[in-house]
Every structure is written in structure tokens, then in C-alpha cells.
Amino acid sequence: MSLNILTVTGRIGRDAEYRSFPNGGGVLSFSLAINTGYGDKQKTMWLRANIFGKRAEGGLRNYLVKGQEVAVSGELSENEFTDKNTGETKKTLEINVNNIELIGSKNTSAQPAPNNTGHVYGTPQGGVDQINDDLPF
């Protein structure tokens, strides 16, 4: 069995949403804007990120808000769905997140709480970078 792992950094495009499954458990989902290229050739690609299991049920949701910069790694998958308006079959890229790190925050007054390992979801305690407010998020 081969497992492909993708690691990307980007900004959350919409606050994370938690959905429960009828058989128990749930998923925490959010959209991730990833910039590629540079200068006039720069474009934004959107990726849907999903966190399953106990990590989805915890307090992480409070920190996965629009504009938050994160680094995620996990398994890339393609999902097909039917557009309700056109009936057309479309595809999206999704990442099933194994690891997530908060890199920076648009809101510099919000300080994430450390987890029981002394880290803030993968970054050293108190090490959340402050970003420049000139960014368009």
C-alpha cells in the first residue's frame, strides 16, 4: 500500500464547520486558499480540508477561522459531486488532514491555548507569528 502525503500552507477561506455522523464521530471541514506562482502569474487554488476523529471534536475549531494561516499535511483525494443548479458532475480536491500547524493570525489579540504537550497545535507555545495587516485577508 502506498500513501501519498501532501504538505501545503495557506489561509482559511471560511470558518471551520463541524458535522456529526449518525453512527458517531464527526468531521471538521474548512476551505484553504493556496497561492501559486508569482507576480502577474500568481493565482489562488482552493482545497477543502477535513479533520476526522477526536481532533475534530476538540477546541481546534475555535482557531480555524477565516484569514488564519495554517500548514497542513495529509492524504490528497478527489471528490465528485453533482451541481444542484446545473446537474453537472464536478470534482474537488480535498486533503484529509493528519497534521495541522497554526502559522500566523490575522487577529493578533487572539492567542491559542496550548495543548497538553506545551505546543499550540504543532507550534511552540507562544510561537504563533504575527503577520502584516496589509495582506488582503
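Only a predicted model underlies this, so the values are computations on that prediction, with no experimental measurement involved. (Residues numbered from 1 in each chain as written. Predicted model: local features only at pLDDT ≥ 70, side-chain atom pairs only at ≥ 80, totals over all residues. Heavy atoms only, no water.)

Student: Which parts of the structure should I look at to understand the nonpolar core?
Tutor: A general tendency of soluble globular proteins is for nonpolar side chains to be buried together. Residues Phe30, Leu32, Ile51, Leu64, Val70, Val72 and Ile100 are the most contacted members of the largest nonpolar core, which totals 19 residues. Taken together, the elements giving at least two residues each to this core come down to strand 1 (5-12), strand 3 (26-36), strand 4 (43-52), strand 5 (69-82) and strand 6 (89-105). For Ile51, the residues in contact, after removing those within four places along its chain, are Gly26, Val27, Leu28, Phe30, Ala56, Leu60, Leu64, Val97 and Ile100. (Core = buried A, V, L, I, M, F, W, Y, C linked by side-chain atoms within 4.5 Å. Buried < 20%, exposed > 50% of the residue type's maximum accessible area, 1.4 Å probe, protein only. Helix = DSSP H or I, 4+ residues; strand = E, 2+ residues; numbered from the N terminus. Contact = heavy atoms within 4.5 Å.)

Student: It is not clear to me how the environment of Leu93 should be interpreted in this structure. Could you clarify?
Tutor: If you trace the backbone, Leu93 turns up in strand 6. For Leu93, a relative accessible area of 36% translates into the label partly exposed. It is 7.1 Å that separates the C-alpha atoms of Leu93 and Leu76, two residues lying 17 residues apart in sequence. Ignoring sequence-local partners within four residues, the contact set of Leu93 consists of Leu47, Arg48, Leu76 and Ser77.

Student: I'm lost on the pattern of salt bridges in this one. Help?
Tutor: For side chains bearing opposite charge, pairing can occur when the charged atoms are close. Summed over all chains, the structure comprises five salt bridges. Between Glu69 and Arg11 there is a salt bridge, with the nearest N and O atoms lying 3.6 Å from each other. Separated by 58 residues along the polypeptide, Glu69 in strand 5 and Arg11 in strand 1 bring together distant segments of the chain. Across the pair Lys91 and Glu78 runs a salt bridge, and its minimum N-O distance is 3.9 Å. Highlighted residues: Lys91 in strand 6 and Glu78 in strand 5, separated in sequence by 13 residues. Residue Glu78 is classed as exposed on the basis of its relative accessible area, which comes to 53%. Each of Glu78, Glu80 and Lys91 takes part in salt bridges that share partners, so that together they form one network. (Salt bridge = Lys/Arg side-chain N within 4 Å of Asp/Glu carboxyl O.)

Student: Looking at this model, I keep getting lost on the packing of aromatic side chains. Mind explaining?
Tutor: Any aromatic ring pair is given by two values, namely how distant the centres are and how the planes are angled relative to each other. Evaluated as defined, the whole model comprises one aromatic pair. Each ring, one from Phe21 and one from Phe52, has its centre 6.4 Å from the other, and the planes form 20°; the classification is stacked. In this pair, Phe21 is assigned in the loop between strand 2 (17-20) and strand 3 and Phe52 in strand 4, connecting sequence segments 31 residues apart. Judged by its relative accessible area of 39%, Phe52 falls in the partly exposed class. (Phe/Tyr/Trp six-rings, centres within 6.5 Å; stacked < 30°, edge-to-face > 60°.)

Student: Hey, could you run me through the environment of Thr7 in this one?
Tutor: One can find Thr7 in strand 1. Between the C-alpha atoms of Thr7 and Ser73, which are 66 residues apart in sequence, the distance is 4.1 Å. In contact with Thr7, other than residues within four places in its own chain, are Val72 and Ser73.

Student: Looking at this structure, I do not really get the pairing of strand 3. What am I missing?
Tutor: For strand 3, the buried fraction is high: nine of the 11 residues fall into the buried class. With two bridges connecting them, strand 1 and strand 3 associate as antiparallel partners. From the neighbouring strand, Arg11 faces strand 3, where its bridge partner is Ala33. Direction of pairing for strand 2 relative to strand 3: antiparallel, over a ladder of four bridges. Note on strand 3: the bridge partner recorded for Tyr18 is Leu28. With antiparallel pairing between neighbouring strands as the criterion, strand 2 and strand 3 make up a hairpin whose turn holds five residues, including Gly24 at a positive phi of roughly 105°. Looking at chain direction, strand 3 and strand 4 are connected through 10 bridges and run antiparallel. (Pairing = 2+ DSSP bridges.)

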